[in-house]
Amino acid sequence: MHRLAITLPLILCSLNAYSEESFWDNLQVHGFASQAVIKTSDNRFFGDSPDTSFDFTEIGINASLPVNPQILLAGQLLARRAGDMYDGTPTLDYGLADMTFASSAEQRWGVRLGRIKNSLGIYNETRDVPFTRPGIFLPQVIYYDKVRNLMLSTDGLMFYGESYHDDRGTLSLTLGGGQSVIDDNVAWAFLGNDFGGELEPDGVAGLFRFWYTTPEERLQLGVSGALVSMQFEPGQYSPLSAGTTDLFFWIVSFQYGAEDWTLTAEYAGEPIKWRDYQSPFSPDRDVTAESYYLQGAYRLRPDLQLLLRYEEGYADRNDRDGVQSSAMTGGAIPPFNSFSKIWTAGLRWDIDQHWMVRAEYQRHQGTFILSSKENPDPGQPQADWNLWAVQAVFRF
Amino acid sequence: MDRRLNSVPTVNFAPARTGRFLRRLLMGWVLACGPFTLAAQELIVNEAAPQQSMSRNEARLCFTMRLPTWENRIPVKVFVLPDDHPVHRQFTKSILGLFPYQLRQVWDRQIFSGTGQAPITVATEQEMIERVATTPGGIGYVGSGANHPQVRVLEVR
């Protein structure tokens, strides 16, 4: 009894001492929640916006745990409600093991395994984390919300390497592949309807990212891209045959950050091939979509930021005014459905380390960025429309 | 003072910028000599850290959470003050050569894509010294005068 009385506290003590060093202490949990209110003059965007929409909600929670300094386990659950496009069902946003094989003050390389966010452009990796975005909405001509899942994440493997230099800066390369995560918004975006079948990933999607940053991170230059193939599995009553859609999405990125302002520009090209659908709705064709934006952010104070952006996106770079593709449908789809030209002005206030609010105004010409799932009648949309939105964000 | 001079760009190609440069220089000089001295920021480490000095590049890698271990394989544990703390702003700018919003962007990208972790935020400089002192592999910073037997000031080259 005496011995127990002595050893028990000792064991507890040593357990306690161990737990101070145990890896559970390094568990980190972070999260966020946002709610937006959206009003448009015409056209449905993130819900019933002509009548004021509250259907844009983002809730995320993540955890990360280093098993040792070389291995990090991390995962995030995301519930996102976005009009008729997403209903808020929680999904695994990412879930991965990050293994660093070598790291020093000169270089670092390793591999990520699992569901990995695609590092496309400047914003894609954290596109659903509201305070990492410059505005309430990312530039829609590149970071489409009508078809976000295709570019969102990959179930697979990603190699990364970084080289650091005092004077020259940082070079980093990411190369990987796996299966793209696809949902029925993809069918609506690339086929214009779900056509009673399933559009599924066909083979392995490839991803790359090559990035340069100056030593003090003022200037960033990068190129990134994804190569994706999809196969259509027709249902019993589907008017389409088992066709394929292949696309190569690539982005050139530029960002310069000074103390008070940040200038960002990106250009994206997207050659798309449709094959073997054997249907007048979806003939064999090759089209290259093209888009770009220029964005300036000015910090009036560290907690107060102005945003100004201009963006243009075209469904087909050889038919910028959309006249040919409209003619192909006998005028059923208006020409302005093939392009979007958008001016955005916004103001963001970071109230404290947990809360942020912002407001945004957009002037749209064209309806290329609209979801056909939200606007199923192609004759309905208006070419020129306005958008007002406010958003409140909480993070921890 | 030395460090502040180092952080000022040496290439001046516009008269307006030269004016700003001189103004900043003057302001720095006034601040350094005035009664409310904004002393040079000090990078502090736990006594277990092997090195005596650190390059700016290494310091940046540490505070952007890209250097997981010290040379003696002890995990690096980074402590920071809140984003809007004056010492954090000063340290970020004059020692790391970064703007506080850039650090926040780097951390957020890592935290919310599962590719890294956030540094541990402490509320005060006193807490910073305590935590670095009691954490093997700990690294942080103070405005000046980290007098603690388990804490060492590291020179940033």
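Residues numbered from 1 in each chain as written. Chains lettered and ligands numbered in written order. Predicted model: local features only at pLDDT ≥ 70, side-chain atom pairs only at ≥ 80, totals over all residues.

1. Quick look at the overall build of chain A
Summing up its helical and strand segments, chain A has 4 helices and 18 strands in all. Expected size for 396 residues packed as a compact globule is a radius of gyration near 21 Å; at 24 Å, chain A falls within 12% of this value. Taken along the three principal axes of its C-alpha coordinates, chain A extends 95 × 50 × 50 Å. In chain A, which comprises 396 residues, the proportion classed as buried is 40%. Counting only contacts in chain A whose residues sit at least 6 apart along the sequence, the fraction spanning at least 24 positions is 59%. (Helix = DSSP H or I, 4+ residues; strand = E, 2+ residues; numbered from the N terminus. Rg over C-alpha atoms; globule rule 2.2 N^0.38 Å. Buried ≥ 20, exposed ≤ 12 C-beta atoms within 10 Å, placed from the backbone. Contact = placed C-beta atoms within 7 Å.)

2. Overview of the overall build of chain B
Broken down by element type, chain B carries 6 helices and 6 strands. Reading chain B from its N end, one meets helices and strands in the order α-α-β-β-α-β-α-α-β-α-β-β. Per-residue burial for chain B yields a buried fraction of 38% across its 157 residues. Contacts spanning at least 24 positions in sequence make up 65% of the contacts within chain B whose residues lie at least 6 apart.

3. Regarding unusual backbone geometry
All names here are of chain A. Unlike most non-glycine residues, Thr52 shows phi in positive territory, near 75°. Locating Thr52 in the fold gives a position in the loop between β1 (28-40) and β2 (53-68). Here Asp276, not a glycine, exhibits a phi torsion of approximately 65°, which is positive. Tracing the chain through its elements places Asp276 in the loop between β13 (261-275) and β14 (285-301). For Asp276, a count of 14 C-beta atoms within 10 Å gives the class partly exposed.

4. Some remarks on the environment of Leu247(A)
Residues and elements named next belong to chain A. Secondary-structure assignment places Leu247 in strand β12 (residues 244-257). In sequence terms Leu247 and Gln179 are 68 residues apart; their C-alpha atoms lie 14 Å from each other. Not counting chain neighbours up to four residues away, the residues in contact with Leu247 comprise Val228, Glu270, Pro271 and Ile272.

5. Some remarks on helix α6 (residues 125-134) of chain B
All names here are of chain B. Among the residues making up α6, those that are buried are Met128, Ile129 and Val132. Along the long axis of α6, the arc covered by the buried residues comes to 95°, so they all point the same way. Turning to α6, the residues buried within the fold contact β1 (42-46), β3 (77-80), β5 (138-142) and β6 (151-156). (Arc of directions from axis to C-beta.)

6. Regarding the sheet that holds strand β2 (residues 53-54) of chain B
Residues and elements named next belong to chain B. Read across the sheet, 6 strands follow the order β2-β6-β1-β5-β3-β4 without closing on themselves; strand pairing throughout is mixed. Edge positions in the sheet fall to β2 and β4 (120-121), since each has one partner strand and no second. Pairing of β3 with β4 involves 2 bridges; the strand directions are parallel. Each bridged residue has a counterpart across the sheet, and for Val80 the counterpart in β4 is Thr121. Its contacts with the sheet place α6 against β1, β3, β5 and β6, and it is angled at close to 155° to β5. (Pairing = 2+ DSSP bridges. Axes fitted to C-alpha atoms, helices over the stretch in contact; angles between N-to-C directions.)

7. Comments concerning the nonpolar core
In this structure, Ile38(A), Ile142(A), Met151(A), Ala226(A) and Val228(A) are the most contacted members of the largest nonpolar core, which totals 49 residues. If you list the elements that add at least two residues to this core, you get β1, α2 (149-152), β10 (205-213), β11 (219-234), β12, β13, β14 and β18 (384-395) of chain A. Per element, the largest residue contribution to this core is 4 residues, and it comes from β11(A). Not counting residues within four places of it along the chain, the set of residues in contact with Ile38(A) comprises Phe45(A), Phe46(A), Gly47(A), Ser49(A), Ser53(A), Phe56(A), Leu387(A) and Ala389(A). Of all hydrophobic cores here, the second largest spans 40 residues; its members include Cys62(B), Leu67(B), Leu103(B) and Ile129(B). (Core = buried A, V, L, I, M, F, W, Y, C linked by C-beta atoms within 7 Å.)

8. Quick word on the environment of Ile59(A)
Within the fold, Ile59(A) resides in strand β2. Linking Ile59(A) and Phe32(A), residues 27 residues apart in sequence, is a C-alpha distance of 5.7 Å.

9. Structural notes on the pairing of β11(A)
All names here are of chain A. Where strand β9 (residues 197-201) meets β11, 5 bridges bridge the pair, whose relative direction is antiparallel. Residue pairing for β11: Glu200 is matched across the bridge by Gln231. With 8 bridges joining them, β10 and β11 adopt antiparallel strand pairing. Bridge pairing links Gly206 to Leu227 in β11. With antiparallel pairing between neighbouring strands as the criterion, β10 and β11 make up a hairpin whose turn holds 5 residues, including Glu217 at a positive phi of roughly 60°. Looking at chain direction, β11 and β12 are connected through 13 bridges and run antiparallel. Its bridge partner being in β12, Gln231 is matched across the sheet by Thr244.

10. Some thoughts on the interface of chain A and chain B
Contact residues are listed per partner, giving 31 residues for chain A and 26 residues for chain B. For the side of chain A that touches chain B, the elements supplying multiple residues, two or more each, are β1, β2, β3 (71-82), β5 (91-103) and β6 (107-117) of chain A. Its residues placed into classes, the side of chain A that touches chain B shows 10 nonpolar, 13 polar and 8 charged. (Nonpolar A, V, L, I, M, F, W, Y, C, P; charged D, E, K, R; others polar.)

11. Description of the confidence of the model for chain A
Of all residues in chain A, 91% have pLDDT values of 70 or greater, and the mean over the chain is 89. For residues 1-19 of chain A, every residue scores under 50 in pLDDT, and the model assigns this stretch 0 contacts once sequence neighbours within four places are set aside. (pLDDT = per-residue confidence, 0-100.)

12. A look at helix α4 (residues 86-96) of chain B
Within α4(B), the full set of buried residues consists of Val87(B), Phe91(B), Thr92(B), Ile95(B) and Leu96(B). All buried residues of α4(B) lie within an arc of 130° about the axis, which places them on one face of the element.

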